[in-house]
Amino acid sequence: MCSSETCSARPSRSASPPPCRPPLASAARRGLGATIRTAYVVYAIASVGVALMSSLAPFLALRAVQGAANAFTTPLLVAALASMTRPDALGRAMGTFASVQTAGVVFAPLVGGLAGAIDYRLAFLIPAAVALLLVAAPLPPDEGHDEPPRLRSALTRPTVGPSVCLAFGYVSTGGRG
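Residues numbered from 1 in each chain as written. Predicted model: local features only at pLDDT ≥ 70, side-chain atom pairs only at ≥ 80, totals over all residues. Heavy atoms only, no water.

A. Here's a closer look at the packing of helix H2 (residues 32-52) against helix H5 (residues 122-136). The N-to-C vectors of H2 and H5 enclose an angle of 160 degrees; their axes lie 8 Å apart at closest approach. Classed by the angle they form, the pair H2 and H5 counts as roughly antiparallel. Between H2 and H5 the crossing geometry is left-handed. On H5, the residues that touch Arg37, Tyr40, Val41, Tyr43, Ala44, Ser47, Val48, Val50 and Ala51 of H2 are Phe124, Leu125, Pro127, Ala128, Ala131, Leu132, Leu134 and Val135. (Axes fitted to C-alpha atoms, helices over the stretch in contact; angles between N-to-C directions. Helix = DSSP H or I, 4+ residues; strand = E, 2+ residues; numbered from the N terminus. Parallel < 35°, antiparallel > 145°, perpendicular 65-115°, else oblique. Left-handed = near helix turned anticlockwise from the far one by under 90°. Contact = heavy atoms within 4.5 Å.)

Right, here's the structure in full:
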């Protein structure tokens, strides 16, 4: 859903849908750090709301808000990482980011399941607390670039080889993780 600034609330006469700004456009307008922190705060609020819900419809609606806020973070963090990393170190930085993100995807069900075994609300309250800690964490300074970083600078032998192996492993499992 888009804000009133980015999408017209009135039906348009044209057949095309109203334009919506993606996360990176919002970050360009408000600043990357502010947009990342806003996404974390929205995620934390939605997570606490999910933990407190006792009926299905609000629970599912807040889970959708959680997903939308979480969807903002990855492209914003990748953009922040690219803007604050020297071009010669970008491949290593992206590889490190991808491995940490993958570790989170792998271990989240285990940690959530262990927390849920105690009380299902903990599976939502713990990530909310982590999101609030990330809001308070400072972002590294932007080193600045003469020209915008290119994806090609991240495509090096140390990053492409493991990525191809991981992609093959993922596809060989039928995408079931």
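B. Spatial organisation of helix H4 (residues 90-118). For H4, with 29 residues, the first-to-last C-alpha span of 41 Å sits near the 42 Å given by 1.5 Å per residue. Maximal helix bending in H4 amounts to about 40 degrees, located at Phe107; proline Pro109 follows within four positions. Those residues of H4 not exposed but buried are Leu90, Gly91, Ala93, Met94 and Ala115. (Expected span 1.5 Å × (residues − 1). Bend = angle between axes of the 7 residues up to and from the residue. Buried < 20%, exposed > 50% of the residue type's maximum accessible area, 1.4 Å probe, protein only.)

C. Inspection of the packing of H4 against H5 at higher detail. As a packed pair, H4 and H5 sit with axes 8 Å apart at the nearest point and diverge in direction by 125 degrees. By the angle class used here, H4 and H5 are oblique. Where H4 approaches H5, its residues Gly112, Ala115 and Ile118 are matched on the opposing element by Leu122, Ala123 and Ile126. Its residues placed into classes, the contact of H4 with H5 shows five nonpolar, one polar and no charged. (Nonpolar A, V, L, I, M, F, W, Y, C, P; charged D, E, K, R; others polar.)

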